[in-house]
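Fold and contact review
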Amino acid sequence: VQLQASGGGLVQAGGSLRLSCVASGITFGRNVMGWFRQAPGKEREFVASISWNGGSTDYADSVKGRFTIFRDNSKNTVYLQMNSLKPEDTAVYFCTADSGGRLLVRSASGIHYWGKGTLVTVSS
């Protein structure tokens, strides 16, 4: 199983980035997909998740209205569109996949698969 995230980089506050995560080795359409992040010196935290068919989404309060998660099952890819970025969004962003039957995921506990992460740095 591989979750290959990309799209991170350095951006000024107020700017935008789009993260992508391509999955292989799983039946993508049967997995709830998610994004978590970990800032330096902080614990890993939930960012967003999306149900197997894209019909349901969930966001952390800190990103609601600024970030959008969506997926293309034909491309085995989940995306995270990040707008109005803030310095506090600086973190390594991880893509996750879970086939445990949950509609959405908020907790890192029990998630089946994690990608290696992509670094997002937002300068002030």
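That block above? That's the structure.
What comes next is a walk through the structure. Sequence positions are assigned chain by chain, starting from 1 and proceeding in written order. Totals for whole chains, interfaces and linings use all residues, but because this is a predicted model, local features are given only for residues with pLDDT of at least 70 and pairs of side-chain atoms are given and counted only at 80 or more. Side-chain numbers come from the whole structure's heavy atoms, not from hydrogens or water.

Examining the packing of aromatic side chains
- To pair, rings of Phe, Tyr and Trp, with the six-membered ring standing in for Trp, must have centres within 6.5 Å; the planes then decide the type, stacked if under 30 degrees apart, edge-to-face if over 60, and tilted in the middle. Following the criterion strictly, the structure yields four aromatic pairs and no others.
- Both rings, one in Phe-70 and one in Tyr-79, keep their centres 4.8 Å apart while their planes meet at 20°; by these two values the pair is stacked.
- Think of it in three bands: with a 1.4 Å probe and only protein chains considered, a residue is buried below 20% of the maximum accessible area for its type, exposed above 50%, and partly exposed in between. Overall, the relative accessible area of 29% leaves Phe-70 in the partly exposed class.
- On the accessibility criterion, Tyr-79 (14% relative accessible area) is buried.
- On the basis of an interplanar angle of 75° and a centroid distance of 6.3 Å, the ring pair of Phe-94 and Trp-114 is categorised as edge-to-face. Within this pair, whereas Phe-94 is found in strand β9 (residues 91-98), its partner Trp-114 is found in strand β10 (residues 113-114), the two being separated by 20 residues in sequence.
- Among the residues examined, Phe-94 registers a relative accessible area of 10% and is labelled buried.
- Each residue in the set Phe-36, Phe-46, Phe-94 and Trp-114 is aromatic and connected to the rest through ring pairs, giving one cluster.
- Above the plane of the ring of Phe-94 lies Arg-44, whose end atom (NZ or CZ) is 4.0 Å from the centre. Starting at the N terminus, helices and strands are each numbered in turn, a helix being any DSSP run of H or I of at least four residues and a strand any DSSP run of E of at least two. Lysine and arginine charges are scored as sitting over a ring when NZ or CZ, respectively, is within 6 Å of the ring centre and within 35 degrees of the ring normal.

Thoughts on the sheet that holds strand β7 (residues 67-72)
- Taken in spatial order, the four strands make up an open sheet running β1-β3-β8-β7, and their pairing is antiparallel. Among the strands making up the open sheet, the edge pair consists of β1 (2-6) and β7. For this sheet the average axis-to-axis angle between neighbouring strands, irrespective of direction, equals 15°. Here, a strand pair is defined by DSSP locating no fewer than two bridges between the strands. Angles shown run from 0 to 180 degrees and are taken between the N-to-C directions of axes, each axis being a line fitted to C-alpha atoms and, for helices, limited to the stretch in contact.

Examining the pairing of strand β11 (residues 118-123)
- Of the two faces of β11, the one holding Thr-118, Val-120 and Val-122 is buried and the one holding Leu-119, Thr-121 and Ser-123 is not buried anywhere.
- Across four bridges, the pairing between strand β2 (residues 9-12) and β11 is parallel. Across the sheet, the residue bridging to Leu-10 is Thr-121, located in β11.
- The pairing of β9 with β11 spans three bridges and is antiparallel. Within β11, the position partnered with Val-92 by the bridge is Leu-119.

Some remarks on the pattern of salt bridges
- The term salt bridge refers to a side-chain nitrogen of Lys or Arg lying within 4 Å of a carboxyl oxygen of Asp or Glu. This model, assessed by the stated rule, comprises six salt bridges.
- Glu-45 is the partner of Arg-37 in a salt bridge, and the nearest nitrogen-oxygen pair spans 2.6 Å.
- The class of Arg-37 is buried, set by a relative accessible area of 6%.
- On the accessibility criterion, Glu-45 (36% relative accessible area) is partly exposed.
- The residue Asp-98 makes a salt bridge to Arg-102 at a minimum N-O spacing of 3.3 Å.
- Its relative accessible area of 2% is what places Asp-98 among the buried residues.

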